[in-house]
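An overview of the molecular structure
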Amino acid sequence: MRVDIVSIFPEYFAPLDLSLIGKARAGGTLRLAVHDLRTWTHDVHRTVDDTPYGGGPGMVMRPEPWGEALDALAPDELSPDGHTLPRLLVPSPAGVPFTQAMAHELAAESHLLFACGRYEGIDQRVLDHAAARMRVTEVSLGDYVLFGGEVAVLVILEAVTRLLPGVLGNAGSLDEESHAHGLLEAPMYTKPAEWRGHEVPEVLRSGDHGKIARWRRDEALLRTAARRPDLIAALPLESLDKRDRAALDRGGFQPRAGDVAK
Ligand code: JD8
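To keep things clear, this report deals only with the structure shown in the data block. (Residues numbered from 1 in each chain as written. Predicted model: local features only at pLDDT ≥ 70, side-chain atom pairs only at ≥ 80, totals over all residues. Heavy atoms only, no water.)

**What to know about the sheet that holds strand β2 (residues 31-36)**
Ordered in space as β2-β1-β6-β5-β7, the 5 strands form an open sheet in which the pairing is parallel. Pairing within the sheet leaves two strands with one partner each, and these edge strands are β2 and β7 (136-140). The sheet shows a mean angle of 30 degrees between the axes of neighbouring strands, taken without regard to direction. Running over the sheet, helix α2 (residues 63-73) touches β1 (2-7), β2, β5 (87-97) and β6 (111-115) and is turned about 165 degrees from β1. Packed onto the sheet, helix α5 (residues 150-161) meets β1, β2, β5, β6 and β7 and runs at close to 165 degrees relative to β1. (Pairing = 2+ DSSP bridges. Helix = DSSP H or I, 4+ residues; strand = E, 2+ residues; numbered from the N terminus. Axes fitted to C-alpha atoms, helices over the stretch in contact; angles between N-to-C directions. Contact = heavy atoms within 4.5 Å.)

Below is the structure:
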């Protein structure tokens, strides 16, 4: 996968040399380049912002540097390897929520281009102009306000890169993790069996894989019902069987009427 990131703080992405993302880059699974937006300014002050039309607080990022940056990184003409235009991702508090489902979607792309805004944001015409020739997605991490798009790109890239083939040692774990099946994952434990008076649940030390799987499913259901009832509500009707309902009952959670598969 090819990834390009444009930002006025390219040093924000130094962590992408580390750990599994660093290995994915070294191994060629991820071809990632970080670009300084000021590369596409031409005035002595390398200006990237100006006052907002219509007044109001703060500054807005100028369209010209962004236009030239996207022209350079998403050229219309097909490159020798028949490369198609990238998918443009623009982090914004006004974007669509980033989810694990979107992470899987993005992991299937061949080229992602991230535009990191700062100040009050990027002049809207940059996105409208880009949308005329490539797919553009404004994406939000969540309902809180950041200084800019950089940390959102770090989060999105980590969620996407770990889904790329060969990046995760035991890809099997992808199936068991939170959000993989619409539930939060069960609590995890390791040695010692007793720690400061706290025991590891006996069932996990029983070796009875059937009982262990049932315990983990019950714990995942109870934890999800307690912390994320929206996820329980979003579960497909047929996904809760009698034993699931019994677990939720024991936890004092009433699944929706009709939720129970016969
Ligand atoms: C991009 C500029 C700052 C936002 C005035 C503070 C994402 N979940 C999220 N929260 N905030 C962002 C985000 C914030 C950004 C930019 C993403 C570019 N800002 C602006 C509007 C209010 N300042 C985000 N993803």
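**Considering α2**
Looking only at α2, the buried set comprises Pro65, Trp66, Ala69, Leu70 and Leu73. Down the axis of α2, the buried side of the element spans an arc of 130 degrees, and every buried residue falls inside it. Contacts from the buried residues of α2 go to β1, β2, β4 (60-61), β5, β6 and α4 (124-131). (Buried < 20%, exposed > 50% of the residue type's maximum accessible area, 1.4 Å probe, protein only. Arc of directions from axis to C-beta.)

**Focus: the pairing of β5**
Here 3 bridges tie β5 to β6, and the two strands are oriented parallel to one another. Within the sheet, the bridge partner assigned to Leu89 lies in β6 and is Phe114. In this sheet, β7 lies alongside β5 in parallel orientation, the contact comprising 6 bridges. Note on β7: the bridge partner recorded for Leu88 is Val136.

**A closer look at the nonpolar core**
In terms of nonpolar packing, the biggest core is built from 30 residues, with Val3, Ile5 and Phe114 touching the most fellow members. The biggest single contributor to this core is α5, with 6 residues. Discounting chain neighbours no more than four positions away, the residues touching Ile5 are Phe13, Leu16, Leu32, Ala33, Val34, His35, Phe114, Cys116, Val153 and Leu157. (Core = buried A, V, L, I, M, F, W, Y, C linked by side-chain atoms within 4.5 Å.)

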